[in-house]
Amino acid sequence: SGYNAYLIYTRVKEWIALNYKYPKSATRIDEENSVVKFSCYSKEAWKIRRDKVDHWYNMQYTLKVEIKDFKCRFTFDTDEDRYQFWYNDGGTLMDEFKESEATFENTINEKLASVYNHIIGTEEEPEDDW
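A brief structural summary. Computed from a predicted model, the values in this text were never measured in an experiment.

**Notes on the pattern of salt bridges**
Okay, step 1: All chains considered together, the criterion is met by seven salt bridges.
Okay, step 2: The salt bridge involving Asp30 is made with Lys13; its shortest N-O contact spans 2.4 Å. Note that Asp30 is positioned in strand 1 (residues 27-31) and Lys13 in helix 1 (residues 5-19), a separation of 17 residues in sequence.
Okay, step 3: Of the charged contacts in the structure, one is a salt bridge between Glu99 and Lys47, with a shortest N-O distance of 3.0 Å. A residue pair is termed long-range when its members are at least 10 positions apart, and Glu99 in helix 3 (residues 98-120) and Lys47 in strand 2 (residues 35-50) qualify at 52 residues.
Okay, step 4: Judged by relative accessible area, Glu99 falls into the partly exposed class, the value being 36%.
Okay, step 5: Overall, the relative accessible area of 11% leaves Lys47 in the buried class.
Okay, step 6: What emerges from the salt-bridge pattern is a single network uniting Lys47, Arg49, Asp54 and Glu99.

Following this line, the structure appears as structure tokens:
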């Protein structure tokens, strides 16, 4: 057995309900057993280090989950373009923004891992061995 589209869809919807005060307001697209797109907001999502001080920035973005039987695909999207200046014209990351990119990626990966772990059911607390 595996995770059919209905189960994946149901678990994504559960995750949104558990993580948002107003789940219906956060949801942008809701096509049963097919696609769910929702808004996300992360405080201190990424940082720029200047003069030995970390300056943290919040970020608004959306995650889209495209669902099929036994698989799903996540797509990140944001209207924010602040992070685009981290790269030179050739597309190479500038040294001064290495921590910015790393913290940005970490924020997105944490959100993706949280949703994924809920889908597969591994988000439970570790068992007490007493």
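**Regarding helix 3**
Okay, step 1: Taking 1.5 Å per residue, 23 residues should reach 33 Å; helix 3 reaches 32 Å between its end C-alpha atoms and fits that length.
Okay, step 2: Buried within helix 3 are the following residues: Ser100, Glu101, Thr103, Phe104, Thr107, Ile108, Lys111, Val115, His118 and Ile119.
Okay, step 3: Buried positions along helix 3 lie against helix 1, strand 2, strand 3 (53-68) and strand 4 (71-77).

**Description of the pairing of strand 2**
Okay, step 1: Note: strand 1 against strand 2, four bridges, orientation antiparallel. Following the sheet pairing, Ile29 is matched in strand 2 by Lys37.
Okay, step 2: The turn linking strand 1 back onto strand 2 is made up of three residues, and Asn33 within it adopts a positive phi angle of 60°.
Okay, step 3: Bridge analysis of strand 2 against strand 3 gives 13 bridges, and the strand direction is antiparallel. When the bridges of strand 3 are listed, Ser42 appears paired with Met59.

**Some words on helix 1**
Okay, step 1: Between its first and last C-alpha atoms helix 1 spans 21 Å; for 15 residues at 1.5 Å apiece the expected length is 21 Å, and the two agree.
Okay, step 2: Where the residues of helix 1 are buried, they touch helix 2 (23-26), strand 1, strand 2, strand 3, strand 4 and helix 3.

**Examining unusual backbone geometry**
Okay, step 1: Even without glycine at this site, Asp51 takes up a positive phi of about 50°.
Okay, step 2: Here Asp51 is to be found in the loop between strand 2 and strand 3.
Okay, step 3: Look at Asp51 and you get exposed, because its relative accessible area is 75%.
Okay, step 4: Notably, Lys52 is not glycine yet its phi reads approximately 65°, a positive angle.
Okay, step 5: Looking at Lys52, the relative accessible area reads 74%, which means it is exposed.

What counts and what doesn't
- Residues numbered from 1 in each chain as written.
- Predicted model: local features only at pLDDT ≥ 70, side-chain atom pairs only at ≥ 80, totals over all residues.
- Heavy atoms only, no water.
- Salt bridge = Lys/Arg side-chain N within 4 Å of Asp/Glu carboxyl O.
- Helix = DSSP H or I, 4+ residues; strand = E, 2+ residues; numbered from the N terminus.
- Buried < 20%, exposed > 50% of the residue type's maximum accessible area, 1.4 Å probe, protein only.
- Expected span 1.5 Å × (residues − 1).
- Contact = heavy atoms within 4.5 Å.
- Pairing = 2+ DSSP bridges.

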